[in-house]
Amino acid sequence: MPTSHTPRTSRTSRTLNIGILAHVDAGKTSLTERLLFDHGAIDRLGSVDSGTTQTDTGDIERERGITVRSAVASFTVGSAQINLIDTPGHSDFIAEVERALGVLDGAVLVLSAVEGVQAQTRVLMKTLRRLRLPTLLFVNKIDRPGARDEGLLADIRHKLAPHVVALTAVRDLGTRHARAVPRSLDDADFRAQVAEALAETDDVLLARVLDGPPPTPAELRAALAGGTADCRVHPVFFGSALSGQGVGALARGMARLLPPAPVGAETAPYGTVFAVERRGGSGGKTAYLRLFAGELAVRQKVTLHRRGPGGTLVEYGGQITSLDVVGRAGAQAGAGRLTAGNIGKVRGLPEVRVGDRLGGADAHTNGNTGTNLSTNTDPSAESGTGHANGRGPGHPPPDQPHFAAPSLSTVVRAREPGPGPAARLHAALLSLAEQDPLIHTRALPGGATSVLLYGEVQKEIIAATLARDFGIEADFEPSQPVHVERPVRVGEACEEMAPRHHTGLWATIGLRVEPARTGSGVIFRYETELGALPRAFHHAIEETVHDTLLQGHDGRPVTDCLVTLIRSGFSSPLSTARDFRELTPVVLERALRAAGTRVYEPCHAFELEIPHDALAPVTGQLTAAEADITAVEETAGGLPAWLLEGRIPAREVHGVKRWLPGLTRGEGVWWSRPSGDRPLGPGQDRRTGPGQDRRTGPAPGSDPGPHPGPGPGRMPGAAV
């Protein structure tokens, strides 16, 4: 659960919200613990292994030694208050990382000096660079056997970021006596190294290096801070979270090198809810809200909004009954007043969920009126929403995903039979969805509930949470890949009221369906005159379009499409919103039949390290598993090995994990993450015949022939 800790320090003049990110087991929670302890925020140094850390507060987190929910903790360095957001490292909980990215001013990416640059490290760094979040690197575990420094720096430049500057050196590397020694710009040799590194991204500094006079230490400090803020340079610190070596230098680097986000000039408050917790028997909610502009106070009435499951805008209001500023106490608490740039714990909003936005909807959206149902989001894409790319000064980023959506689904049933246990299970899963909306709970016939997942560890955590926190024993069906459908052509359909003796639904609706950009989700627009229908009828059509496409057919939502209302009509006073809600799915189904849809299956990007002599059998098995191997290279240092990269259907990942140990003598190291999707090949979908599209019959591109539409009132997917 989210937590906060109040530092015992003097008055602060600025606040930094810094995320701690890492591949699992790199030591980020231990680093957070050491930072809090060394700066007086906590009295006792906890341990991940013993389950006594301050930020992993949940019983399940303590038992498993992994971070499941983002946690907030604060300490001060000089006049700067630093709010640390400790995020999960396991890829099954990447949604927590995504939510944290939207509230950060900068980040610390933790690497292990032993394991080096790992797969999740590369994914996180690509995302941080795309978002242009200023980032420091902390190389942990320098006191472990096998630790590297210069070789690891070369790997960082090759695999993560080309321009890095090591601000600490290591003595007695790989021993329990290892020390991190800060390097000073007063040293002429080090000053020359830093100047050359910074000059690679700074033309003015390059001229000084080549033509003189050489830059002074003060000028280099300013250039380093500027390069870090602009994400052109990434300072590197070596150390050990367990011994505390190098942690002080990292903390000073946070305060001096990472800039706070600019505060918006608006007086109206804008903010983002990035975590929600329930405490106590009353079930009251505490929302963790990052404020980007304006101010909030106790007893203030506020309006928040979110996109509903169907893509329509949902707004609700409430009154703040309690407000605590994270990291402030006593005279600094602000008497229940939250200012821009800070994080507050807000109570009194019973409907609040993770991801809700405070303020006008236009400031938080990227222009789409729909929900992104696509799984095809690539973290390596070079477009984003960071400080200098996509969000204005002091504003939160648009509602745009940074990582792929969950690629697995499962069905959950209460072990105890009867409608009562089924209802309690669904209510419990809805409560969990308030903390993680991406699980998309959906009630199914017979009392079951479907949820979306990133992986099997997440499923285990949900099961343990249901048992521990809600007293519900539940059974989970085997996870299945989430298939989606996309239109392949333009299709139109219309259903009109008869001019005389009409006996059907009192509504006229015409819809056009056409393909949209991959990753855009469902977009709805009007070509009819907005005043031609009462507002309630317009709302009924738009909401039903989103709901119908989200439900899809046989559990497959339809996404990445543009739906346009091209004809409308009503008869007063006979027409009702119900007529439009019942007719819209019928017309939409006909338009989709005319457009044709194609089924896509989710894929994983993978990295695989194998012994040198296992290349042939492993690549053969990967090819049989329909993997697309995009890179094969020999690893540097240590025993000779191969590093393979590529994409593979999500349905094959479990099988790879089964046969890999046997082909590599247990030495193969596999890592994968959801990464987009690809069309299903002929005969791969058991619910359609070979080469068949689920709506059009023949594969896209062939003549679909005439298709009898469903009769009035018939729901999509019904037999025709």
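Because the structure is a prediction, the values reported are computed rather than measured. (Residues numbered from 1 in each chain as written. Predicted model: local features only at pLDDT ≥ 70, side-chain atom pairs only at ≥ 80, totals over all residues. Heavy atoms only, no water.)

**Quick look at unusual backbone geometry**
Pro-213 follows Gly-212 through a cis peptide bond whose omega is -10 degrees. Secondary-structure assignment places Pro-213 in the loop between helix H7 (203–211) and helix H8 (217–229). For Asp-172, which is not a glycine, the phi torsion comes out positive at approximately 55 degrees. With respect to the secondary-structure elements, Asp-172 resides in the loop between strand E7 (168–171) and strand E8 (179–182). (Helix = DSSP H or I, 4+ residues; strand = E, 2+ residues; numbered from the N terminus.)

**A closer look at the sheet that holds strand E27 (residues 522–526)**
Pairing is mixed across the open sheet formed by four strands, whose spatial order is E25-E26-E28-E27. The sheet is open, and its two edges are formed by strand E25 (491–495) and E27, each paired on a single side. Taking each pair of neighbouring strands and ignoring which way they run, the sheet shows an average axis angle of 20 degrees. Each of strand E26 (508–515), E27 and strand E28 (561–569) touches helix H12 (residues 535–551); the most contacted strand, E27, lies at about 160 degrees to it. Sheet strands in contact with helix H13 (residues 577–595) are E25, E26 and E28, and its direction is about 40 degrees off that of E26. (Pairing = 2+ DSSP bridges. Axes fitted to C-alpha atoms, helices over the stretch in contact; angles between N-to-C directions. Contact = heavy atoms within 4.5 Å.)

**Focus: the packing of helix H6 (residues 188–199) against H7**
The geometry of H6 relative to H7 is characterised by a closest axis approach of 8 Å and an angle of 135 degrees between their N-to-C directions. The angle between H6 and H7 places the two elements in the oblique class. H7 is crossed by H6, and the crossing has left-handed handedness. Judged by residue contacts, Ala-195, Leu-198 and Ala-199 of H6 engage Leu-205, Leu-206 and Val-209 from H7. In the contact of H6 with H7, the residues fall into six nonpolar, no polar and no charged. (Parallel < 35°, antiparallel > 145°, perpendicular 65-115°, else oblique. Left-handed = near helix turned anticlockwise from the far one by under 90°. Nonpolar A, V, L, I, M, F, W, Y, C, P; charged D, E, K, R; others polar.)

**Some thoughts on the pairing of strand E29 (residues 597–611)**
A large share of E29 lies buried, amounting to 13 of its 15 residues. Judged from the four bridges that link them, strand E24 (residues 484–487) and E29 form a sheet pairing that is antiparallel. Residue Arg-486 lies in a different strand from E29, and its bridge partner there is Arg-598. Here E29 runs beside strand E32 (residues 669–679); their pairing, made up of nine bridges, is antiparallel. The partner of Glu-607 across the bridge, within E32, is Trp-671. In this structure, E29 lies alongside strand E31 (residues 641–649), joined through nine bridges in antiparallel fashion. When the bridges of E31 are listed, Ala-605 appears paired with Arg-647. (Buried < 20%, exposed > 50% of the residue type's maximum accessible area, 1.4 Å probe, protein only.)

**Quick word on the confidence of the model for the chain**
Taken residue by residue, the chain gives an average pLDDT of 80. The fraction at 70 or more is 77%. When the elements of the chain are averaged for pLDDT, helix H2 (residues 59–64) gives the smallest value, 45, and strand E9 (residues 234–238) the largest, 97. Contacts from residues 60–68, a stretch scored under 50 in pLDDT, to residues over four places away or in other chains number 34 contacts. Low confidence marks residues 363–394, where pLDDT is under 50. Its contacts with residues over four positions away, or in another chain, come to 123 contacts. (pLDDT = per-residue confidence, 0-100.)

**What to know about the nonpolar core**
Core analysis: the biggest nonpolar cluster contains 43 residues, and Leu-31, Phe-75, Val-108, Leu-198 and Met-254 have the highest contact counts within it. Among the elements that line this core, the one with the most residues is helix H9 (residues 247–257), at seven residues. If you look at the next biggest cluster of nonpolar residues, it comprises 39 residues, including Val-117, Leu-128, Ala-161 and Ala-275. (Core = buried A, V, L, I, M, F, W, Y, C linked by side-chain atoms within 4.5 Å.)

**Considerations on the pairing of strand E19 (residues 408–414)**
With five of seven residues buried, E19 is to be regarded as a mostly interior element. Where E19 lies against strand E21 (residues 449–453), five bridges are found, and the strand directions are antiparallel. The residue bridging Ser-409 from the neighbouring strand is Leu-452, located in E21. With two bridges connecting them, E19 and strand E23 (residues 480–481) associate as antiparallel partners. By the bridge assignment, Ser-409 is partnered in E23 with Gln-480. Bridging between E19 and strand E22 (residues 474–476) involves three bridges; their strand directions are antiparallel. For Ala-414, the partnering residue across the bridge sits in E22 and is Ala-474.

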